[in-house]
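Listed here are the chains, written in short residue letters.
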Amino acid sequence: MFSVNIDITDQMKGFSKFAKQDDVNHAMDEIILICRKTMMPPRTVLYQIAEAANESNQIVDYQMACKIQELLDEQRNEIQRKSEMIEDSVNDAIFGLKELAKSGNPAMIKNYIKAVRLDLEQIESVL
């Protein structure tokens, strides 16, 4: 098994500095640098920072790590919501196109075309 020592002291100092300033954007930049150096995902890095900060009673670092974690969760939930909305619209559009192919009635064709256009507009609004 390999053992690797990676020095992230400067990045942790930067994170602590920005946590004290309540500067989420720059604190996230430091997290990204740590992730690149350690090859660990952001959630793992944040969890470890929060755990270490909690054990050493560094409340500001702990709060910042939790705040960034919450922002990541919100972003993930927003992406999931948009993904579901797009998926529903695509399924509706596919259904409309299948029905359109079956129909010979011009009025129904017109209605299905309108419905498919609305589905495509809804997908576009999410993007």
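Quick caveat, the model's predicted, so the values are computed rather than measured. (Residues numbered from 1 in each chain as written. Predicted model: local features only at pLDDT ≥ 70, side-chain atom pairs only at ≥ 80, totals over all residues. Heavy atoms only, no water.)

Colleague: Would you mind going over the pattern of salt bridges with me for this structure?
Modeller: What the rule picks out here adds up to four salt bridges. With a shortest N-O distance of 2.9 Å, Asp22 and Lys67 are connected by a salt bridge. Of the two residues, Asp22 sits in the loop between helix H1 (9–20) and helix H2 (24–38) while Lys67 sits in helix H4 (residues 59–102), which places them 45 residues apart along the sequence. In this structure Asp22 comes out as partly exposed when scored by relative accessible area, which is 48%. On the basis of relative accessible area, Lys67 is assigned to the partly exposed category, the value being 33%. Across the pair Asp73 and Arg43 runs a salt bridge, and its minimum N-O distance is 2.7 Å. Here the residue Asp73 occupies a position in helix H4, and Arg43 occupies one in helix H3 (residues 42–55), the gap between them amounting to 30 residues. Relative accessible area serves as the criterion here: at 25%, Asp73 is assigned to the partly exposed category. (Salt bridge = Lys/Arg side-chain N within 4 Å of Asp/Glu carboxyl O. Helix = DSSP H or I, 4+ residues; strand = E, 2+ residues; numbered from the N terminus. Buried < 20%, exposed > 50% of the residue type's maximum accessible area, 1.4 Å probe, protein only.)

Colleague: Explanation requested: the packing of H1 against H2 in the structure shown.
Modeller: A pair of packed helices is characterised by two quantities: the angle between their axes and the separation of those axes. Across the interface, H1 lies against H2 with an axial gap of 8 Å and an inter-helix angle of 160°. As summarised for this structure, H1 and H2 are arranged roughly antiparallel, according to the angle between their axes. The crossing of H1 and H2 is left-handed. In this structure, H1 contributes Asp10, Gln11, Met12, Gly14, Phe15 and Phe18 to the contact, and H2 contributes His26, Ala27, Glu30, Ile31, Leu33, Ile34 and Lys37. Each residue belonging to the contact of H1 with H2 can be placed in one class, and the counts come to seven nonpolar, three polar and three charged. (Axes fitted to C-alpha atoms, helices over the stretch in contact; angles between N-to-C directions. Parallel < 35°, antiparallel > 145°, perpendicular 65-115°, else oblique. Left-handed = near helix turned anticlockwise from the far one by under 90°. Contact = heavy atoms within 4.5 Å. Nonpolar A, V, L, I, M, F, W, Y, C, P; charged D, E, K, R; others polar.)

Colleague: Would you mind going over the nonpolar core with me for this structure?
Modeller: Across soluble globular proteins, nonpolar side chains have a tendency to be buried as a group. With 15 residues, the main nonpolar core has Phe15, Ile31, Ile49, Met64 and Ile68 as its most contacted residues. Where this core is concerned, the elements lending two or more residues are H1, H2, H3 and H4. Non-local contacts of Phe15, meaning those with residues more than four positions away in its chain, are made with Ala27, Glu30, Ile31, Ile49, Asp61, Met64, Ala65 and Ile68. (Core = buried A, V, L, I, M, F, W, Y, C linked by side-chain atoms within 4.5 Å.)

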